[in-house]
2 protein chains.
Amino acid sequence: MSSAAKTLELLTYFSTNWPEIGLSQLCKMAKRDKATTYRHLQALEETGLIEQNPMTKRYRLGPAILQLAQTREATVPRKLGVQAPLFELANATGETCHVTVLSGTTVYELASCDSPKHGTRAIIDIQTFPLHATASGLCTVAFGPETLMEVALSNLHPFTATTATTAQDLSATVQTIHNTGFGRADRSYENEVQGLSAPIYDQTGHLAGAVSVASVAARFTPELERVIQNELMIAARQISKNWGGTIPAHIEALWAKSLTSENVLETAS
Amino acid sequence: MSSAAKTLELLTYFSTNWPEIGLSQLCKMAKRDKATTYRHLQALEETGLIEQNPMTKRYRLGPAILQLAQTREATVPRKLGVQAPLFELANATGETCHVTVLSGTTVYELASCDSPKHGTRAIIDIQTFPLHATASGLCTVAFGPETLMEVALSNLHPFTATTATTAQDLSATVQTIHNTGFGRADRSYENEVQGLSAPIYDQTGHLAGAVSVASVAARFTPELERVIQNELMIAARQISKNWGGTIPAHIEALWAKSLTSENVLETAS
DNA sequence: GAACAATGGTTCAATATATGAACCGACAAT
DNA sequence: ATTGTCGGTTCATATATTGAACCATTGTTC
C-alpha cells in the first residue's frame, strides 16, 4: 500500500456520525503509527482536505472538499452517475427501469433503460410521473418533503381500477411504503404494469429521486419481486453514492426487515 | 514534499475550465515524471477521489468528493449560511461578490455570486486567494492569526503595478485595514479590479473568512465605495451570525468610525 | 497537589518505499 | 513507412517513509 493511499484512506474515517477525529483516535481506527498518521494528516491539511478545529485540536474535513465537489458537479452531470447502475438493474431484472428526480413538487424522468430479455416490455413514455399512481411518484411522496402529499391529493386522477382516488387510499398506500422502504404501484397507472421503486439520496441528505422497475404484471411473481427488490437496493445505493449521498439508516433498516420477513415466509411455506 | 502531498496536489489541477486531464498533460502541469504521476493517480482513483473517463482515458474528479462534501457541510455548515447574504450583496452592489474561508494559512474561495446589473463584471476564477494582493487575503492577514503575515511575506508575487512587493508596502496596507475595518485591494491583483472586503467570524470567536466585492475599477467611485462598505457590513454580520459568531466590538467600532469620518468628509465638501 | 494517563507533537536510525529513464503497444497524422 | 503522441509498465537506484522512544501539555484521580 502506497503512502499516498494510506493518506487518502484516512479521509474515509470521517462521517456525519463522527465528523471530528483526534490524532490518537484516528491511529486506533486506522491501526497505524502516530507519527505516520500525523504526517499524513499534515499532508491532507496542506491541501485543505482536512483542517484542525482550533478549539478541540481534533481534525475534520476541510474547505477544499467543497471546491472539488463544485467542480465535480459541474464536470459530471447527474445523468452520468445513473447510466451504469440502471443498465445493471435492467439486465438483472429483465425489466424496464427508470430513474426519476424530484424538482419542486414534480417527479421528472431522468433516464430509463430497457432490458432486451423479454419480447414484451413495460413501456412508459412520460416526462412527469403522477405522484399518486406510479411507484416512483409514491416513493417520492413517502420519503420526500411533507408538502408533496398535498400536491398528490390535489390530483387523484383515476388511471386504472386500482389507482388511489381518495385521501384514505393514498394515505394507506404511502403508509405501506413507509413500512417497507419500497415504492409500489399495483397496476395503478397502467393495467398491465407492476411498479416497484426505491428512493435515491444525494449530498444534501434529502431524497433526490427514485429508481424504479416497471414489470409486466402477467409475469410478476413473489420470486421476481424479491429479485427486483434486491436489485433495486443495489441500484439505489449505487446511484445515491454516485450522487454524493447515502441511503439513510432507517431506509436500510426497512429494507433489511422487508427481506428477512420475506425469507421467513419463504422458509415457512 | 511528501509523496502524499504530491498526490493530493494533483487534485488542484482540476477545475470547471479544465475538468478532464490526461496523464501526459497532467505530468506537464505538475512537472513530474509519468510513472510517478500515474501511480499517484491510481491511489486517487482507488479512493474514488478521481475517476477515469472510460471513453477518453482522461481523468476527472470522482464521486467520493461529493460524499466528503456532504460530510463537510454537515460538520461545518458554511455554504448554507452564505448563499442568501451573498445574493443580497451582489444585488445591492451590482458587483461580483465572494466569500472566502481561512483554513490553516490558506484563503479558499467558498462561494461567489455575480450580479446581472452590468455587462462588465469582475471574473475571478481562482481557488485560493493570494494573501498580499486580494482584498479578502489582506483582510484575512489583518484580522486573522499573526502567523499569516509571515506566510504572506514569503510570497509577494507582483500581479500588477500596485501589488505590495515589499514588507513595508504590505505592512502599510495591512495597517490601513486595521484602521478602517475593511480589506482593500486597489488593482493589486488584477488591473481592472478594485476589491473591498470585510471579515467574518464564527463561534470560536476567531476570524473564519471574509466577504468581498470585486468592483470593476473603471466605475469605482467614492459613492459606490460607501454603498459597498455598507452592504459588506450587513453581509459580514449576517454570515457571521449564520456561522454562529458575531463581529467583534472593535471591528464594529472601526466600521462606525470609517462611515462617520466619510460622512464628515462628504458633508464638508 | 503529586502521581497518573491521556492528549498532540517530534526525533532519528533503519529500511521499506518512491522514483524515473527506458521501454512497450496502440493509435493518428504526415 | 515514419514519426510523434498517448496511456501504461519495468527495474535498479536511492530517497523518502516509518515507528519506537521521547517530550510537553492538559486534565483526572486519589
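So, how was this worked out
- Residues numbered from 1 in each chain as written.
- Chains lettered and ligands numbered in written order.
- Predicted model: local features only at pLDDT ≥ 70, side-chain atom pairs only at ≥ 80, totals over all residues.
- Heavy atoms only, no water.
- Salt bridge = Lys/Arg side-chain N within 4 Å of Asp/Glu carboxyl O.
- Helix = DSSP H or I, 4+ residues; strand = E, 2+ residues; numbered from the N terminus.
- Buried < 20%, exposed > 50% of the residue type's maximum accessible area, 1.4 Å probe, protein only.
- Expected span 1.5 Å × (residues − 1).
- Arc of directions from axis to C-beta.
- Contact = heavy atoms within 4.5 Å.
- Polar contact = N/O pair within 3.5 Å; in protein donor to acceptor, adjacent residues only side chain to side chain.

Q: Before we go on, may I ask you to explain the pattern of salt bridges in this structure?
A: Here the idea is simple: oppositely charged side chains can pair when their charged atoms come close. The full count for this structure, using the stated rule, is 19 salt bridges over all chains. In this structure, the salt-bridge partner of Glu225 of chain A is Arg184 of chain A, at a minimum N-O distance of 2.5 Å. With Glu225 of chain A in helix α9 (residues 222-242) and Arg184 of chain A in strand β5 (residues 183-186), this pair connects stretches of sequence that are 41 residues apart. For Arg184 of chain A, a relative accessible area of 32% translates into the label partly exposed. Of the charged contacts in the structure, one is a salt bridge between Arg58 of chain B and Glu20 of chain B, with a shortest N-O distance of 3.4 Å. Linking Arg58 of chain B in the loop between β1 (50-52) and β2 (59-61) with Glu20 of chain B in the loop between α1 (3-9) and α2 (23-30), this pair joins segments that are 38 residues apart in sequence. On the basis of relative accessible area, Arg58 of chain B is assigned to the partly exposed category, the value being 37%. The buried category is assigned to Glu20 of chain B, whose relative accessible area is 14%. Overlapping salt bridges bring together Glu20, Glu51, Arg58 and Arg60 of chain A together with Arg72 of chain B as one network.

Q: How do you make sense of helix α8 (residues 167-180) of chain A when you look at a structure like this?
A: Because an α-helix completes one turn every 3.6 residues, residues spaced three or four positions apart along the sequence face the same direction. Residue and element names in this part refer to chain A. With 14 residues, α8 extends 20 Å from end C-alpha to end C-alpha; this agrees with the ideal 20 Å at 1.5 Å per step. For α8, the set of buried residues is Leu170, Val174 and Ile177. Along the long axis of α8, the arc covered by the buried residues comes to 50 degrees, so they all point the same way. Elements in contact with the buried residues of α8: α6 (135-143), α7 (147-153) and β5. Downstream of α8 by a residue or two, Gly181 has a phi angle that is positive, lying close to 85 degrees.

Q: Please clarify how the interface of chain B and chain A should be interpreted in this entry.
A: Residue-level contacts link 42 residues of chain B with 49 residues of chain A. The tally of links from chain B across to chain A stands at two salt bridges. The partner of Glu51 of chain A in a salt bridge is Arg72 of chain B, and the shortest N-O contact between them spans 2.8 Å. Linking chain B with chain A are nine residue pairs in polar contact (both at pLDDT 80 or more), by the criterion used here. Listed by contribution, the elements that provide at least two residues to the side of chain B that touches chain A are α1, α3 (34-47), β2, α4 (64-75), β3 (96-103) and β4 (106-113) of chain B. Here the side of chain B that touches chain A gets eleven residues from one element, more than from any other, and that element is α4 of chain B.

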